[in-house]
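Next come the chains, spelled out residue by residue.
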Amino acid sequence: MNVAAKSLVTHQEMANAIRALAMDAVEKANSGHPGMPMGMADVATVLFTQFLKFDPADPHWPDRDRFVLSAGHGSMLLYALLYLTGYPEMTIDELKRFRRLGSKTPGHPEYGHTPGVETTTGPLGQGLGAAVGMGIAERLLAARYGADLVDHRTYVIASDGCLMEGISHEAIALAGHLRLSKLIVLWDDNAITIDGRLDLADSVDQMARFKAAGWDAWRIDGHKPEEIAAALGKAQHSDRPVMIACKTTIGFGAPTKAGTHGAHGAPLGATEIAGTRQALGWSAEPLEIPAPIAAAWRQAGEKSAKAHAAWKARRGALPAATLARYEADLGGGLDPQLGDTIVAFKQAATAAGAAQATRMSSQKVLDALTKVQLNLIGGSADLTGSNNTRAADMKIVTAADFSGRYIHYGVREHGMAAAMNGIALHGGFIPYGGTFLVFSDYSRPAIRLAALMGQRVIHVFTHDSIGLGEDGPTHQPIEHLAALRAIPNLRVFRPADAVETAEVWELALGSTKAPSAICLSRQNVPLARRAHTQENLSARGAYVLRNVDNGRDVTLIATGSEVGIALDAVERLAAEGIRAVVVSVPCFELFAAQDAGYRAAVLGDAPRVGIEAALRQGWEAVLRPEDAFIGMTSFGASAPAGELYKAFGITADALLAAARAAILSKTR
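This text gives an overview of the structure that appears in the document. (Residues numbered from 1 in each chain as written. Predicted model: local features only at pLDDT ≥ 70, side-chain atom pairs only at ≥ 80, totals over all residues. Heavy atoms only, no water.)

**Examining helix 16 (residues 338-352)**
The line we're drawing: What counts as a helix is a DSSP run of H or I of at least four residues, what counts as a strand is a run of E of at least two, and both are numbered from the N terminus. A helix is expected to span 1.5 Å multiplied by its residue count minus one. Think of it in three bands: with a 1.4 Å probe and only protein chains considered, a residue is buried below 20% of the maximum accessible area for its type, exposed above 50%, and partly exposed in between. Working rule for contacts: check all heavy atoms of both residues, and any pair within 4.5 Å makes them a contact.
Helix length check: helix 16 (15 residues) gives 21 Å between terminal C-alpha atoms against 21 Å at 1.5 Å per residue, within 8%. Among the residues of helix 16, Leu 338, Thr 341, Ile 342, Val 343, Phe 345, Lys 346, Ala 349 and Thr 350 are the ones counted as buried. The secondary structure elements touched by the buried residues of helix 16 are helix 17 (358-372) and helix 22 (498-510).

So this is what it looks like as structure tokens:
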């Protein structure tokens, strides 16, 4: 369609196409949120037709602008845009199957399920947090490869709810601090929530809030295309992130429900939809778009084709070595030297034989890894010296210099976790970040989304038990290992020593479809693996660490810092003539994935005793109901680590007593 033909279609007609599709799809599904798509249709139309750089023919074009619908409940806005602009897999039949099993149009946008969806959203504020990570990744990649190859923006539509969620404070502050000038947030300022008017619960001056965090912020009428275009044009030239407050009417066009919470989270109903059609002058049948309007939208979907072709030409002109490095970074592949680096570290650790906190071992592993895996981006939530997450050669990322590889996230665990999701989704880097294990509670919603999206995000959780000592029960994780292990598609690692620490880092880096949590000790632990093996034994999740020659009387199963206790106990049991085997379980999830024969061979038929300075919950994977467990059943206390282990009965003496009792019980 030529430009002259397009000029026959008005902005209002194109925006009304979004409104009609949204209200009709929600009505057909008898479920959904029509109000936000109807209210933000004007803003979205201007953004997609005039500013957003994208190509439906290649949804994964690396230099596309990212569009994040943080207000994921308004998913029909995004699905309508994907259909109208010509994404091949978003057909009208998919819109008709909105919220149906197996459709490309689930209730909330899901990354990896629907082409064109940049991140899974729905839990409010998570999209905003991930978008900050995308903005960071763009700056990092541009610092390495230049603006000819990397020059795109991240746009976000956020709701009142997104800005009320606590994560928004962390995300906004981090973005302002780093002056992410290519991040543009479009706030749907409709003053309506599910319960009613916004002022029932909130009276924050959002303009002042964003400005205080270092953003530019402007107000516009979200139904005037000229104002929308002027604001977006101005935002292209800001030297800081931009928030545009778009004053809108939720359910725009609905005769009785517009501007009310009645348009928020339920179908409008047949009578209201008929009135809306009349008010908007929309006469097309449900889920049908008049041909001229459809053609105008398809032309909008093709507007970046020339920019895409020019980008491909610039990429093709890169020196071969630079292009290979760029493609490797985007592909997320591991450096060929990584395996040898891990093996060399294991050899050195085995030869040294020294007792060491696994958090210290982790830093030494990182010192080696960052020399070969150059796309590792580290960070910490203001606990760098405690988490040991900054490798010796890691330069700090600042607002003025994104050539570094280490981010100071500040005391923002949730914001850090969400930003790491965005970095991983953007591509080009493998993010990891540290905090104390007890504070994984702050990060949990973002960790869950990383698992749902299958993103390689690595969480380094140190101070993983009562072994952290004097900081006491507020900082001592008890239920946290069980809580993390309960998240599907999350690999929870708890290495026993320096050797296992190196192995689990290798596994986390190789986990391209799942996030990882590496849980590390504050206190020193003895070297458990005293004989070097080339094989990554941790890769099978659990393995026999100390075996016996002629059958076994009892199996001691341990993780992390408690493996050393089990090794102590097994020597004492041997002195009594008891044949005990020690099984180390660095990762329950990987062990569960092994075949039944391997699991049976490792666990054996003898009585089992588990030991971990945490809850028993989740240990059903390796313990039977009759098997004993040495661990925690309450919160901890403030005292030196050694005293705490004795006070709570997590000792070799307790393990011996449990092993003897288990053997005796079996012989009765």
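So that's the structure; there's more coming.
**A look at the packing of helix 7 (residues 126-145) against helix 9 (residues 166-177)**
For the record, the criterion: What counts as an axis is a line fitted to C-alpha atoms, over the stretch in contact for a helix, and the angles between N-to-C directions run from 0 to 180 degrees. An angle counts as roughly parallel when it lies under 35 degrees, as roughly antiparallel when it exceeds 145, as roughly perpendicular when it falls between 65 and 115, and as oblique in every other case. Left-handed describes a crossing whose near helix is turned anticlockwise from the far helix by less than a right angle; the clockwise case is right-handed. For this classification, the nonpolar set comprises Ala, Val, Leu, Ile, Met, Phe, Trp, Tyr, Cys and Pro, the charged set comprises Asp, Glu, Lys and Arg, and every other residue, Gly included, is treated as polar.
Put simply, helix 7 and helix 9 touch, their axes get as near as 8 Å, and they point 20 degrees apart. Our classification of the angle between helix 7 and helix 9 gives roughly parallel. Along this stretch, helix 7 crosses helix 9, giving a crossing that reads as left-handed. Within the contact between the two elements, helix 7 uses Gln 126, Leu 128, Gly 129, Val 132 and Ile 136 and helix 9 uses Ile 167, Ser 168, Ala 171, Ile 172, Leu 174 and Ala 175. Of the residues belonging to the contact of helix 7 with helix 9, the class tally is eight nonpolar, three polar and no charged.

**Remarks on the environment of Val 438**
Relative to the helices and strands, Val 438 resides in the loop between strand 11 (430-436) and helix 20 (440-453). The spacing of Val 438 and Asp 464 is 26 residues in sequence and 7.5 Å in space, taken between C-alpha atoms.

**Concerning the sheet that holds strand 20 (residues 628-630)**
The cut-off we apply is this: Any two strands with at least two DSSP bridges between them are considered paired.
Read from one edge of the open sheet, five strands run 16-18-17-19-20, paired in mixed fashion. Across the chains shown, the open sheet's two edge strands, defined by having one partner strand only, are strand 16 (543-546) and strand 20. For this sheet, the mean angle separating the axes of adjacent strands, direction not counted, is 30 degrees. Note that strand 19 (residues 608-611) and strand 20 share three bridges and pair parallel. Residue pairing for strand 20: Ile 611 is matched across the bridge by Ile 630.

**Quick notes on the sheet that holds strand 2 (residues 154-158)**
Two orientations exist for strands paired in a sheet by backbone hydrogen bonds: parallel and antiparallel. Read across the open sheet, the five strands follow the order 1-2-3-7-6; overall the sheet is parallel. Looking at the sheet topology across the chains shown, the edges are occupied by strand 1 (66-69) and strand 6 (216-221). Between one strand axis and the next, the sheet turns through 20 degrees on average, direction left out of account. The pairing of strand 1 with strand 2 spans four bridges and is classified as parallel. Across the sheet, the residue bridging to Val 68 is Val 156, located in strand 2.

**Remarks on helix 23 (residues 562-575)**
With 14 residues, helix 23 ought to run about 20 Å at 1.5 Å a step, and its terminal C-alpha atoms sit 20 Å apart, in line with that. For helix 23, the full list of buried residues reads Glu 562, Val 563, Ile 565, Ala 566, Leu 567, Ala 569, Val 570 and Leu 573. Those residues of helix 23 hidden inside the fold are in contact with strand 16, strand 17 (554-558), strand 18 (580-584), strand 19, helix 26 (641-647) and helix 27 (652-667). Backbone geometry just downstream of helix 23 places Gly 577 in the positive-phi region, at approximately 85 degrees.

**Quick notes on the packing of helix 5 (residues 75-85) against helix 13 (residues 291-301)**
The geometry of helix 5 relative to helix 13 is characterised by a closest axis approach of 7 Å and an angle of 90 degrees between their N-to-C directions. With respect to helix 13, the element helix 5 is oriented roughly perpendicular. Listed contacts from helix 13 to Leu 81, Tyr 83, Leu 84 and Thr 85 of helix 5 are Ala 294, Trp 297, Arg 298 and Gly 301. Partitioning the contact of helix 5 with helix 13 into residue classes produces five nonpolar, two polar and one charged.

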